[in-house]
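# Descriptive analysis of the structure
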Amino acid sequence: MECSIIANKNFSKGTVDPRLFSSFVEQLGRAVYGGVYEPGHPLADSDGFRTDVMDLVKALSVPLVRFPGGNYVSNHTWEDSVGPVDERPVRLDLAWSTLDPNLFGIKEFISWTKKVGTEPMMAVNLGTRGIEAARNLVEYCNFPKGSTLSDLRRSHGSQDPYDIKMWCLGNEMDGPWQVGHKSAGEYGSLAAEVGKALKLFDPTLELVVCGSSNAEMPTFPQWEETVLEQSYEVVDYLSLHCYYRNDENDFLTFLASSVGMDAFIEGVVHVCDCVKAKKRSKKTIYLSFDEWNVWFHSKGKDRQQPKWIIGPQLLEDIYTFEDALVVGTLLNSLMRHCDRVKVACLAQLVNTIAPIMTETGGPAWRQTIYWPFYYASKYGRGEILDLRFSSNSYECKQYGTVPYADPLMVYHPENGELDLFLVNRSPLETLTVNLDLSGFGEHVEVLEHIVLNHDNLKAVNDKEHPDEVYPQVLEGESLFSTDGNLWKGKVLPASWNLFRFTTTCLNRE
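These lines cover the structure that appears in this document, whether it is placed above or below.

### Some words on the overall build of the protein
Counting its regular elements, the protein contains eleven helices and 26 strands. Taken over C-alpha atoms, the radius of gyration comes to 23 Å for the protein, in line with the 23 Å a tight globule of 509 residues would show. Expressed along its principal axes, the backbone C-alpha trace of the protein runs to roughly 70 × 60 × 45 Å. Here the protein holds 509 residues, and the buried ones make up 61% of them.

### A word on the sheet that holds strand β24 (residues 481-483)
Read across the sheet, five strands follow the order β16-β1-β21-β25-β24 without closing on themselves; strand pairing throughout is mixed. Strands with a single pairing partner mark the edges of an open sheet, and in this sheet they are β16 (388-391) and β24. Averaged over neighbouring strand pairs, the angle between their axes works out to 15° when direction is ignored. Across six bridges, the pairing between strand β21 (residues 431-439) and strand β25 (residues 486-491) is antiparallel. The partner of Leu 431 across the bridge, within β25, is Val 491.

### Re the packing of aromatic side chains
Scanning the entire structure with this criterion turns up 25 aromatic pairs. Here the aromatic rings of Tyr 33 and Tyr 37 are separated by 5.9 Å at their centres, their planes lie at 75°, and the arrangement is edge-to-face. As far as the burial class goes, Tyr 33 and Tyr 37 line up, both buried. An aromatic cluster of at least three residues, connected via ring pairs, comprises Tyr 370, Trp 371, Tyr 374, Tyr 375, Tyr 379, Phe 421, Tyr 470 and Trp 496. For Arg 340, the ring lying beneath its charged end belongs to Tyr 286, and the centroid distance is 5.9 Å.

### A short note on the sheet that holds strand β11 (residues 286-294)
The strand order around the closed barrel formed by eight strands is β3-β4-β7-β8-β9-β10-β11-β12, and the pairing between neighbours is parallel. Pairs of neighbouring strands in the sheet enclose a mean axial angle of 30°, with direction left out of account. Relative to β11, strand β10 (residues 237-244) is paired through seven bridges, and the arrangement is parallel. The residue bridging Tyr 237 from the neighbouring strand is Tyr 286, located in β11. Packed onto the sheet, helix α10 (residues 321-336) meets β10, β11 and β12 (341-347) and runs at close to 175° relative to β11.

Definitions and limits used
Residues numbered from 1 in each chain as written. Predicted model: local features only at pLDDT ≥ 70, side-chain atom pairs only at ≥ 80, totals over all residues. Heavy atoms only, no water. Helix = DSSP H or I, 4+ residues; strand = E, 2+ residues; numbered from the N terminus. Rg over C-alpha atoms; globule rule 2.2 N^0.38 Å. Buried < 20%, exposed > 50% of the residue type's maximum accessible area, 1.4 Å probe, protein only. Pairing = 2+ DSSP bridges. Axes fitted to C-alpha atoms, helices over the stretch in contact; angles between N-to-C directions. Phe/Tyr/Trp six-rings, centres within 6.5 Å; stacked < 30°, edge-to-face > 60°. Lys NZ or Arg CZ within 6 Å of the ring centre and 35° of its normal. Contact = heavy atoms within 4.5 Å.

Shown next, in the form of structure tokens:
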């Protein structure tokens, strides 16, 4: 089985916004309590933040973290999460049927983001609340001093403003499960007015309006059209959410999930540009894919969890090697659409459908999906090349014709590096890769081949075996051979691969 790839430095799809490698922390399950925040843990710092978790987050170089939700935010009263911790109320979280002690509030979140080297992306409640609460929250967070709410923040111990630049206008408001669910017309009108108020406060704020919760929603894509027709000129991004699953244990269909992501993104882009044309606007709406991941393993267990407690074990998917392959292809899809997808948040970061798992009072470790995200974040921040590509393919009832190979190539003109991300979807056959790099001058060298592979598709990383699925650097026969700048290499069945090259072509001719 073969695939052919032609790459040229002069043909680029666009440059990746680093925020494409963002993530998400919601007051859900053990994402916060027992995850990022666990006072009394042997490795907790003076603020109660787990330093072992912080180290794993830092290694991912996550540029932006969305907070506090998610479904949680649509019933959240932000005022409960500020001020002296021992005076904060315990509330019922209706989204997840849990108790919310408000011990990890806005100040704690901002402190944590600074320690791990990321920026905050805040969501406002447009389910049970509206313009006034959103306006007040932004004033509390961002105004320097001299107003009632900015001085209240200062009295709570934060003299400097938090300077939060990106704000989500609610969450999944198209979903009937959402507290305060609204029709597209109701939500579009509210989002437009909230957006107007926030831009009057600070026109440099970046606002994300809710798109569809997934591509299978009965209101998709009419929801996007209606919402944008009302809010187009005051918002900057439209959100997309989607989770992928393998309930039928159909490997080839599951590995084609990124084809569905491609179609979802491209469909939403068409709607955005249709509204742009109807409004005769010069403004382009970009996309924030601010919830995405594999999620299905924990569905049965979640129904058995007790209600109305703090930090239940909700949405704790234990990810397999197979899931890591899918996450690798989903990352390729997001990077491939970097011209329009500027922000993307892997949902979530710790314990709850997350790349990082912890044991309360015990260790933290990396799940299988940690690795493709780690390498994409490290080597995916460059120009995405517009490849000419062909491959053997298979037929999939859900997604149609699917190539066995899924390639994505990133060019870094500042240092001449070229990185090829490649997933072989075939569970049985080795893939021969024919790579034409003649568009990069006469001298190209291969640096290394990093591979994620396992002979058991269902292999997992757990506390006892945290490195069962672990990347390897292959040598010798695994590397590409060359005839001039025509390269030939092989990749294992059912494998995620990163080939790194160096070129002498530092600038375009």
